[in-house]
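Structure assessment
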Amino acid sequence: MAEFDYDLVIIGAGVGGHGAALHAVANGLKTAIIEAADMGGTCVNRGCIPSKALLAASGRVRELRAKEHLKLLGIEIGDINFDRGAISSHAGNLVNKQRTDLTNSLKKLGVEIIHGRGKVAGKQAVQVGDRTITARDVILCTGSLPFVPPGIELDGKTVFTSDEGVRLDWLPSWIAIIGSGYIGLEFSDIYTALGSEVTMIEALDHLMPGFDPDIAKLAERILIKPRDIETKVGVLAKKVTPGSPVTIELSDGEILEVDACLVATGRIPNTKDLGLESVGITPDRRGFIEVDDRMATSVPHLWSIGDATGKMMLAHAAAAQGVVAVENICGRDATVDYLSIPAAAFTHPEISFVGLTEPQAQAKADAEGFQIATTRSYFKGNAKAIAEAETDGLAKLIYRQDTGELLGAHIIGIHASDLIHEASAAISQRASVHTLARQVHAHPTLSEVLDDAYKRAAHV
Ligand SMILES: Cc1cc2nc3c(=O)[nH]c(=O)nc-3n(C[C@H](O)[C@H](O)[C@H](O)COP(=O)(O)OP(=O)(O)OC[C@H]3O[C@@H](n4cnc5c(N)ncnc54)[C@H](O)[C@@H]3O)c2cc1C
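**Some remarks on the overall build of the chain**
- Across its full length, the chain carries 14 helices and 22 strands.
- Taken over C-alpha atoms, the radius of gyration comes to 23 Å for the chain, in line with the 23 Å a tight globule of 460 residues would show.
- Dimensions of the chain, computed from the C-alpha atoms along their principal axes, are close to 75 × 60 × 45 Å.
- Across the 460 residues that make up the chain, the buried fraction comes to 45%.
- Considering only contacts in the chain between residues 6 or more positions apart, those separated by 24 or more positions represent 66%.

Printed below as a string of structure tokens:
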């Protein structure tokens, strides 16, 4: 008789749980995954996948309607129309396909899928309904939910979060977007491309607070100022009431009346009622499960990955954490190198980054006693970008002055989300700009924007 029902039980079948399950099976672990709602979690059903489908379609509309821009390439076209319902179906179909593919990939590998709400039920045990399952190791991967500040009332139709926004059920003429993080920014890209007017409300004193300050400044010039977007910075949306119109009371006393309001004010961990108290775990004050870089909790054989840990709330980070957790479960020491995990906003043009922002790098330099340097190179000097007539953008590098070690790379410009990976690989190797400046990039490619930046940094 086996000591446990499974080698590994994973609670939550989002991309984190999926990544962990695939790696567990590859390592011969008898694995089960428990899912309370939709297979694929946030990314597949309400996040990355549908939002990127909407961005792809709306981005194409924006591109085709930019007549002056097309003229630069010698192209003239007539009026461009779109069908909102068909764009919404494109996103829905993609979600269904990804969800089916993800589910089948687990089934094919022999991962047992258990539908229901899982709960930790003491050491090395999980409860689903009235069934108790034992496992040598358990990974908690329960993800996150939209955060809705107090005073904001949702009805899911006129006042909603990204959960409903990705369905694109209707196109409001005027929409307020609360929050200027990457989710708010991506939705402003979608709505303005499809003809909506946007008012963006940001509580902090500048837009896009998560980005490197230089990138945020340029992003404002490219993605906000020339578009039908009004910004209100340093004010709080104190009270939002759904209806027709939606009313928004701002902290400076102004009252807005708009057709719709998207609340994009961050995400909170989905860690309530998980039975954590049964093993003596108390989440941090925001509800995140605390883990070390091996993804271990304070309880042996209990691990946590993904958004529930709040470390880096991105799909590929969750999957990478899953692999690291399984490596440790298999007895091989592994840790997550967050510095080399890239991030992107899929606006038009895109923004991407990896490693430290300049203020973060400066703080590290001050603490450790070294100097940093920065360099920039511009898309307007890149032959491929000029050929595409897409010359808005820059790449900024932050590196150590003494060793040349690359500490951060930040790009805004066409295909930035694809360009970032060579900087990410470089940071994972702790490479210096002097080495990187000698790598040969194909000509003419957008990757020469980074090539140019490395060479400027290395003075070659
Ligand atoms: C609009 C939007 C756009 C995004 N775009 C991107 C992007 O472009 N790129 C990117 O990298 N990231 C993006 N993200 C973030 C990304 O979706 C998340 O980082 C990722 O989904 C986290 O994966 P996870 O496995 O930790 O959690 P989730 O995907 O949230 O999955 C957790 C799963 O656990 C299940 N669950 C919870 N509790 C229980 C329980 N007790 N028992 C059983 N099951 C349970 C949930 O039902 C859910 O299915 C986006 C997010 C949003 C909202």
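**Details of the sheet that holds strand β9 (residues 174-178)**
- Here 5 strands make up an open sheet; going across it, the order is β8-β15-β9-β10-β11 and the pairing parallel. Of all strands in the sheet, those bounded by a partner on one side alone are β8 (159-160) and β11 (229-233).
- In this sheet, strand β15 (residues 260-263) lies alongside β9 in parallel orientation, the contact comprising 4 bridges. Within β15, the residue paired with I175 across the bridge is A260.
- Strands β9, β10 (197-202), β11 and β15 of the sheet are contacted by helix α7 (residues 182-193), whose axis makes an angle of about 165° with β10.

**Things to note about the domain arrangement of the chain**
- Here the chain is partitioned into domain 1 (6-146 + 268-336), domain 2 (159-265) and domain 3 (341-458).
- Each side of the interface is counted separately: domain 1 has 15 residues, and domain 2 has 13 residues.
- Within the residue set of the side of domain 1 that touches domain 2, elements represented by two or more residues are α3 (48-65) and α5 (84-108).
- It is α3 that provides the largest number of residues to the side of domain 1 that touches domain 2, a total of 8 residues.

**Description of the nonpolar core**
- Counting 129 residues, the largest nonpolar core has V9, I10, I139, C261 and L406 as the members making the most contacts within it.
- In terms of residues, this core owes the most to one element, helix α9 (residues 315-329), which gives 9 residues.
- Dropping the residues within four chain positions of it, L406 is found in contact with L397, Y399, A423, A426, I427, A431, S432, V433 and L436.

**A few points about the sheet that holds strand β12 (residues 237-241)**
- Strand order in the open sheet made by the 3 strands is β12-β13-β14, with antiparallel pairing throughout. Whereas interior strands pair on both sides, the edge strands pair on one side only; in this sheet they are β12 and β14 (255-258). Adjacent strand axes in the sheet meet at a mean angle of 20° when their direction is disregarded.
- In the sheet, β12 pairs with strand β13 (residues 246-250) via 4 bridges, with the strands oriented antiparallel. Within the sheet, the bridge partner assigned to V240 lies in β13 and is I248.

**Here's the deal with the site of the ligand**
- What surrounds the ligand is a group of 40 residues, the closest being G12, G14, G41, G143 and G306.
- At the level of secondary structure, the elements contributing two or more residues to the shell around the ligand comprise α1 (15-26), β2 (31-35), α2 (41-46), α3 and α9.
- It is α2 that provides the largest number of residues to the shell around the ligand, a total of 4 residues.
- The residue makeup of the shell around the ligand, split by class, is 18 nonpolar, 16 polar and 6 charged.
- Mapped onto the domain boundaries, the shell around the ligand takes at least three residues apiece from domain 1 (6-146 + 268-336) and domain 2 (159-265).

**A look at the packing of α3 against α7**
- Where α3 contacts α7, the two axes come as close as 8 Å, and the packing angle between them is 40°. Comparing their axes, α7 and α3 come out oblique. In this structure, α3 meets α7 at a crossing whose hand is left-handed. Between α3, through S51, L54, L55, S58, G59, V61 and R62, and α7, the contact on the second element is made entirely by E186, D189, I190 and A193.

**Let's talk about the pairing of strand β1 (residues 6-11)**
- The buried fraction of β1 amounts to 5 of the 6 residues, a majority that puts the element mostly inside the structure.
- Bridge count between β1 and strand β6 (residues 131-140): 5 bridges; the pairing is parallel. Bridging across to β6, V9 finds its partner in V138.
- Examined bridge by bridge, β1 and β2 share 4 bridges and lie parallel to one another. Looking at the pairing, L8 lines up with T31 of β2.
- Of the crossover connections in this fold, the one passing from β1 over α1 to the parallel β2 is right-handed.

**Re unusual backbone geometry**
- Note the cis peptide between S244 and P245, where omega equals 5°.
- Along the polypeptide, P245 turns up in the loop between β12 and β13.
- For the bond running from H348 to P349, omega is 0°, close enough to zero to count as cis.
- Along the chain, P349 turns up in the loop between β18 (343-345) and β19 (350-355).

**Looking at α3**
- In this model, α3 (18 residues) spans 25 Å end to end at C-alpha, consistent with the 26 Å of a helix rising 1.5 Å per residue.
- Looking at the buried positions of α3, the neighbouring elements they touch are α2, α5 and α7.

The rules behind the values
Residues numbered from 1 in each chain as written. Predicted model: local features only at pLDDT ≥ 70, side-chain atom pairs only at ≥ 80, totals over all residues. Helix = DSSP H or I, 4+ residues; strand = E, 2+ residues; numbered from the N terminus. Rg over C-alpha atoms; globule rule 2.2 N^0.38 Å. Buried ≥ 20, exposed ≤ 12 C-beta atoms within 10 Å, placed from the backbone. Contact = placed C-beta atoms within 7 Å. Pairing = 2+ DSSP bridges. Axes fitted to C-alpha atoms, helices over the stretch in contact; angles between N-to-C directions. Domains from an automatic or database assignment. Core = buried A, V, L, I, M, F, W, Y, C linked by C-beta atoms within 7 Å. Near = placed C-beta within 6 Å. Nonpolar A, V, L, I, M, F, W, Y, C, P; charged D, E, K, R; others polar. Parallel < 35°, antiparallel > 145°, perpendicular 65-115°, else oblique. Left-handed = near helix turned anticlockwise from the far one by under 90°. Right-handed = clockwise from strand over helix to strand, strands pointing away. Expected span 1.5 Å × (residues − 1).

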